[in-house]
Every structure is written in C-alpha cells, then in structure tokens.
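Structural overview for review
The primary structure of each chain is shown beneath.
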Amino acid sequence: MKAEIIKANGDRMFVEPENKATFTLDELQGFVGGYIEIAETKDGRLLVINEEGKLNKLPTNGIATAYYKYGKKDAIVGDVIIINKDQIR
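Residues numbered from 1 in each chain as written. Predicted model: local features only at pLDDT ≥ 70, side-chain atom pairs only at ≥ 80, totals over all residues. Heavy atoms only, no water.

Thoughts on helix 1 (residues 25-32)
Looking only at helix 1, the buried set comprises Glu27, Leu28 and Val32. Along the long axis of helix 1, the arc covered by the buried residues comes to 120°, so they all point the same way. Away from its buried face by more than 90 degrees, helix 1 exposes Asp26 and Gly30. On its buried face, helix 1 sits against strand 3 (36-40), strand 4 (46-50) and strand 5 (80-83). Note on helix 1: the residue one or two positions beyond its end, Gly33, has a positive phi of about 80°. (Buried < 20%, exposed > 50% of the residue type's maximum accessible area, 1.4 Å probe, protein only. Helix = DSSP H or I, 4+ residues; strand = E, 2+ residues; numbered from the N terminus. Arc of directions from axis to C-beta. Contact = heavy atoms within 4.5 Å.)

Here you go:
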C-alpha cells in the first residue's frame, strides 16, 4: 500500500517504500527533512513529522493538521508522510 506525502504548501503525492514493504528510518527522515516524530491520525494511521519542525519555524501544514488526532489543540508543521502502522518497523 502506498503512503501519502503532504507538503506544507498543500502538494500531495503517493510513495511506497523502496523495498515495497516497510520504510527505513533514512527514507522517513528524507521525506520530512530531519529527525522524525510519530503522531497518530484520527483514523489510526501514523503521521511522520519533523521532530524539530516548530523549533525551526517550519510553515503550518493545514492538511496534516486536519488529519492529526489532536489537530484542534495543536498544529502540524512542515512536510509529513502518512503511513499505515505495518509500513514501519
């Protein structure tokens, strides 16, 4: 199954792991531009975000914030990738 990258500017694209099964740490860090942090979406998938995004003043990602389980209380910033739980080890 493909994962979805949601850029802070609203651009979206689908990707799959290089090995066709699970994403590596390096792949995930490349998508978000730094160290990763995992958050949960409202539907139980995983949002992989840049751990230092707020410290680095990355722009708010309105689409990702709408998916975020706690989006009404907190905002997601920067580029993100949404994956299923079985796509990470």
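Now that the structure has been shown, we can carry on.
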